[in-house]
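The chain contents come next:
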Amino acid sequence: MAPQAPNKSKPHLSGLAKWLLSLIALCVATSIRLHSTLQHTEKQTDFAFGPRSNPHGTEGRADHIANAKSEDSSCALLFFGLARSFVDKAYPEIEKHILGENPTCEVFVHTYDVKNEEQDAGSPRTINTNDVFRLTTRSNILIETEDDFREQRNVETFHPYIPIPSRWKTRDMDNMIRQWHSIDKVWNLMTQFESRRSIEFDRVAILRLDVIYTHPIRIDDRDELAVIPTMAFVPGNWNGLNDRLFYGSRRFAEIWASHRFDNAEGYIQWQKWAFPTSKRRGLQSEGFMRYLLTIHGRVPLTIKPICIKRVRSTGKVLDSDCCILLRPSSDPSNPFISRTSKGVFVIGMNTTVLAGLLSATMALDTPHSEISEGNVRKQDEEWLEQQGMTFHNFTHGIDENKTIIGSYGKRALKDYNDWSATSLWVMNDPPKLGLTLRSWLPLLPKSQVARMKETVLFSYSHPVESLVPIHIYGDDALEKGLRNWIVYHREAIAQSANTCRVVSSDTELLQDPVKQAFLIQDGLSRCSLFSRRLDIYGGINSVRDLSSGAGAAHDLDPQKGCKFIPLESALDSVLSSPYQLPASDRAHDLYDIAMHFYCDLKSGEALKTNYTIKSAVSLEWGSDEAKPKEPTHVDPTCLSPEKEKPWILDGSCSDTKIASFPSEARLERSCGFCGDATAYLRTLRDEIAAKYKERCSDLVVYGAALGKDYVQWLDTPNMFDLKVKQAVEQHGTCIFTFFSGAERSSP
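Residues numbered from 1 in each chain as written. Predicted model: local features only at pLDDT ≥ 70, side-chain atom pairs only at ≥ 80, totals over all residues. Heavy atoms only, no water.

**Student:** Looking at this model, I keep getting lost on the overall build of the chain. Mind explaining?
**Tutor:** The helix and strand inventory of the chain stands at 23 helices and 19 strands. Out of the 747 residues in the chain, the part that is buried amounts to 49%. For the chain, the computed accessible surface area is about 36,100 Å², with 52% contributed by carbon and sulfur atoms. (Helix = DSSP H or I, 4+ residues; strand = E, 2+ residues; numbered from the N terminus. Buried < 20%, exposed > 50% of the residue type's maximum accessible area, 1.4 Å probe, protein only. Areas by Shrake-Rupley, 256 points an atom, 1.4 Å probe, with all protein chains shown as cover.)

**Student:** Looking at this structure, how should I read the confidence of the model for the chain?
**Tutor:** Any residue range with low pLDDT should be treated as having predicted coordinates unsuitable for detailed reading. Scored by pLDDT, the chain comes out at a mean of 75, with 65% of its residues at no less than 70. For the chain, helix α1 (residues 15-39) is the element with the lowest average pLDDT, namely 40, and strand β1 (residues 75-80) is the one with the highest, namely 98. Predicted confidence is poor over residues 1-60, with pLDDT under 50, and the contacts of this stretch with residues over four places away or in other chains come to 75 contacts. Scored below 50 in pLDDT, residues 622-675 makes 93 contacts in the model with residues more than four places away or belonging to other chains. (pLDDT = per-residue confidence, 0-100. Contact = heavy atoms within 4.5 Å.)

**Student:** Can you walk me through the nonpolar core in this structure?
**Tutor:** Nonpolar side chains tend toward joint burial in soluble globular proteins. Counting residues in each nonpolar core, the largest one holds 75 residues, and the members touching the most others are Trp-256, Leu-283 and Leu-358. For this core, the leading source of residues is helix α5 (residues 170-197), giving ten residues. Excluding residues that lie within four positions of it along the chain, Leu-283 makes contacts with Phe-158, Tyr-161, Pro-163, Trp-168, Met-173, Met-176, Trp-180, Ala-264, Tyr-267, Ile-268 and Phe-288. Counting 52 residues, the second largest nonpolar core, distinct from the first, contains Leu-433, Val-464, Ile-486 and Met-595. (Core = buried A, V, L, I, M, F, W, Y, C linked by side-chain atoms within 4.5 Å.)

**Student:** Mind showing me how you'd approach the pairing of strand β6 (residues 203-208) here?
**Tutor:** β6 sits mainly inside the fold: six of its six residues count as buried. Here β6 shows two buried faces, one formed by Arg-203, Ala-205 and Leu-207 and the other by Val-204, Ile-206 and Arg-208. Relative to β6, β1 runs parallel, the two being bridged by six bridges. Bridging across to β6, Phe-79 finds its partner in Leu-207. (Pairing = 2+ DSSP bridges.)

**Student:** Looking at this structure, I do not really get the state of the cysteines. What am I missing?
**Tutor:** In a disulfide, the sulfur atoms of two cysteines are held together by a covalent bond. Applying the stated criterion across every chain yields a total of three disulfides. Note on cysteine connectivity: Cys-75 is disulfide-linked to Cys-105, with sulfurs 1.9 Å apart. On the sign convention where negative means left-handed, the S-S torsion of about -105° between Cys-75 and Cys-105 marks this disulfide as left-handed. Of this pair, Cys-75 sits in strand β1 while Cys-105 sits in the loop between α3 (86-99) and β2 (106-112), and the two are 30 residues apart along the sequence. The same class applies to Cys-75 as to Cys-105, namely buried. Disulfide pairing places Cys-562 opposite Cys-599 at an S-S distance of 1.9 Å. Sign of the S-S torsion, about 90° for the bond between Cys-562 and Cys-599, identifies this disulfide as right-handed. (Disulfide = S-S within 2.5 Å.)

**Student:** How should I be thinking about the environment of Met-595 in this particular structure?
**Tutor:** With respect to the helices and strands, Met-595 occurs in helix α20 (residues 585-603). Given the relative accessible area of 0%, Met-595 is considered buried.

**Student:** When you look at the pattern of salt bridges in this model, what are you seeing that I'm missing?
**Tutor:** Where charged atoms of side chains with opposite charge meet at close range, the side chains can pair. Counting across every chain of the model gives 20 salt bridges. Between Glu-194 and Arg-250 there is a salt bridge, with the nearest N and O atoms lying 2.8 Å from each other. Taken together, the positions of Glu-194 in helix α5 and Arg-250 in helix α6 (residues 250-258) put the pair 56 residues apart, joining distant regions of the chain. Across the pair, exposure class does not vary: Glu-194 and Arg-250 are buried alike. One salt-bridge network, in which partners are shared between bridges, spans Glu-146, Arg-150, Glu-156 and Arg-178. (Salt bridge = Lys/Arg side-chain N within 4 Å of Asp/Glu carboxyl O.)

**Student:** In this structure, what is going on with the environment of Ser-603? I would like to understand it.
**Tutor:** Along the polypeptide, Ser-603 turns up in helix α20. For Ser-603, a relative accessible area of 54% puts it in the exposed group. Among the polar contacts made by the side chain of Ser-603, one reaches the main-chain carbonyl oxygen of Asp-600 at a distance of 3.2 Å. (Polar contact = N/O pair within 3.5 Å; in protein donor to acceptor, adjacent residues only side chain to side chain.)

**Student:** Please clarify how the sheet that holds strand β10 (residues 301-304) should be interpreted in this entry.
**Tutor:** Note: strands within a sheet are paired through backbone hydrogen bonds, in either parallel or antiparallel orientation. One open sheet holds the eight strands; their spatial order is β5-β2-β1-β6-β9-β8-β10-β19, and the pairing between them is mixed. What marks the edges here is a single partner per strand, and that holds for β5 (141-144) and β19 (533-534). Of the strand pairs in this sheet, β1 and β2 are connected by four bridges, and their pairing is parallel. Paired with Leu-77 across the two strands is Val-107, which belongs to β2. Sitting on the sheet, α6 is in contact with β1, β6, β8 (226-229) and β9 (245-249), with an inclination near 150° to β9. (Axes fitted to C-alpha atoms, helices over the stretch in contact; angles between N-to-C directions.)

**Student:** Before we go on, may I ask you to explain the packing of helix α7 (residues 260-274) against helix α8 (residues 285-296) in this structure?
**Tutor:** The axes of two packed helices give the description: the angle between them and the distance between them. Contact pair α7 / α8: the axes reach a minimum separation of 10 Å and the direction vectors enclose 95°. In terms of orientation, α7 and α8 fall into the roughly perpendicular class. In this structure, α7 uses Arg-260, Asn-263, Ala-264, Gly-266, Tyr-267 and Trp-270 to contact α8, whose residues at the interface are Gly-287, Phe-288, Met-289, Tyr-291, Leu-292, Ile-295 and His-296. Of the residues contributing to the contact of α7 with α8, the split by class is eight nonpolar, four polar and one charged. (Parallel < 35°, antiparallel > 145°, perpendicular 65-115°, else oblique. Nonpolar A, V, L, I, M, F, W, Y, C, P; charged D, E, K, R; others polar.)

**Student:** What's the story with the packing of α5 against α6 in this structure? I'm lost.
**Tutor:** Where α5 contacts α6, the two axes come as close as 8 Å, and the packing angle between them is 140°. As summarised for this structure, α5 and α6 are arranged oblique, according to the angle between their axes. Note on element contacts: α6 touches α5 through Arg-250, Ala-253, Glu-254, Trp-256, Ala-257 and Ser-258, opposite Ile-183, Asp-184, Trp-187, Met-190, Thr-191 and Glu-194. Classifying every residue of the contact of α5 with α6 gives six nonpolar, two polar and four charged.

**Student:** Can you walk me through helix α10 (residues 352-362) in this structure?
**Tutor:** Every α-helical turn comprises 3.6 residues, leaving residues that sit three or four positions apart pointing alike. Taken residue by residue, α10 has Leu-354, Ala-355, Leu-357, Leu-358, Thr-361 and Met-362 as its buried positions. All buried residues of α10 lie within an arc of 155° about the axis, which places them on one face of the element. A positive phi of about 60° marks Ala-363, the residue just after α10. (Arc of directions from axis to C-beta.)

**Student:** Looking at this model, I keep getting lost on the pairing of β2. Mind explaining?
**Tutor:** Residues in a regular strand point their side chains to alternate faces of the sheet. Burial analysis of β2 places seven of its seven residues in the buried class, which makes it a mostly covered element. Every second residue of β2 is oriented toward a common face, with Glu-106, Phe-108, His-110 and Tyr-112 on one face and Val-107, Val-109 and Thr-111 on the other, all of them buried. Taken together, β1, α3 and β2 constitute a β-α-β crossover, and its handedness is right-handed. Bridging between β2 and β5 involves four bridges; their strand directions are parallel. Residue Tyr-112 lies in a different strand from β5, and its bridge partner there is Glu-144. (Right-handed = clockwise from strand over helix to strand, strands pointing away.)

Next comes the structure, spelled out in structure tokens:
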């Protein structure tokens, strides 16, 4: 039992009582001196800070903790930091949501003996260090003074690493080091307990003292190896991982808690390798945490929407810690839902490996995989065809103002909307999505965070990749491949303009997947897309073919000043057999354009507004035969989803054009119903048939995309009613008529 607060009255003491009090005082003084000596050698005693009075007259949990714990307790709760407004604000929620949910866990505490904490604004507020005795037994608590901290940590050594640009001052850096020290000391307190008991905890949580925990947190799920909260803000200059809480297996908790000081310098050096000078951020807490866990520790992270609100020195609770990126849920098992981006569009000429990497490292997946991918692919093909193009024969990205979603697209959208309720999605259709992107952007679920745009991951390839398949496509394949590479990347940049665009490189991804995965995660989170799992090394190991083909493009990368090898040398390097035909002058010109464009992609110049490709030759098609077909004529007054399909009465699906009326439908003439061109009408037909089959004994449904002239004909007085009467008399059937793009006074 902890010593009680001293009695302020002065009763008469006998000689024996005075002798006993003197002996106790001597023991206490000796204990404090002994503790101070052992403390600086990192060997704490059970009696961690000497006797302190407890003004509440109770140890809180300590009253029953000895009976509640067994010698083989498998979990530990480690609390660190300052006990700000602890009794009235933080402790009630800790007791309810942490201690109450994990009643068998051993509890350890490190805090500082701070009376007043100065702030830039507001009056200082008293911190009562004794409040932490409510959490656990005295032997599991370590309280240190500022002098103790200064004797163990030289904060000045970290001052050169203050984040720039930022509002940080030396005091802010010192406070971060105090926090690191508190975490490190409470971890040591736990390991000393383990040594004395000859045990090792299986599950460990490391938690702040100065926060409001808004919902229950249980740490006993062994499938959750390493859990941290999602970020509480959309990153700007700073980015990384939330450092306010951790729970999981002891192995990964040790990395989170005790590897900080030994890896600070390594992080500074790693930034010099990973980032250009303009993007290095010094020793900033969240950025360092991401390096520590993903690059140094290789920790398989689960990132959950955990809401914790910080308590400031003035006693103010920061409600904004939860309202920016989270919203409350009605599900008790998942009390908060992320308001951030639901998924990412991946564009590039060959993004299969990249999509696999996102799935393996960040849990970003295509819903229902092959089914959804097939629907997206078919919709993209329809859109290109509607505008007279295919991927091998295109001049520009599609005009989103001239596209209407078809049946394949609607099925894909349903899959993506259903998926986004619980998971993060990837839309990936290499390479066509780079040409159709702007038609998809408004259709998919968006971030609910203010001012955030759709997230797009654009990965550019090396021009030599367009040379590999040239044997397949004939004599003009060399020119066509280079031209398509140039136009595709130009259009992919245009299609992804005004989005939150993250840029990667196929070549660099294959050469250094760890670095690229790190940078991609950095970019996606800046677009408010926060992955729910993060396992960079483990994910990369699971993508088995990641390194295949990595050499050729990298070896041909331009050198400083955009110096690159000649076209013939590039052909010899990438083709399995010698290229037999001499490269044309146009092919040489296109290769030169492509390589300079590639250099500008690497430098970022090509992504700037108003960038133009430096072209000495036309990028139009070389002959009339190679030009894309003219797009199908679209009647501007027709609003049918099939409006760009051939008219039903023009016989366009027949070898011989038939202009007769009324039309006939027979095997050699389909009246415009060809392949998947009328999938929407067939779906509509089936829905009508199902609804009216009980009322109509012999149901025949005719459908067509009707233009303005046809609707006017149907509106001719008496003509339409006569045709209906004749049809019913002849067939005895129900006939449904659909009007599109015409204003009628009556249905």
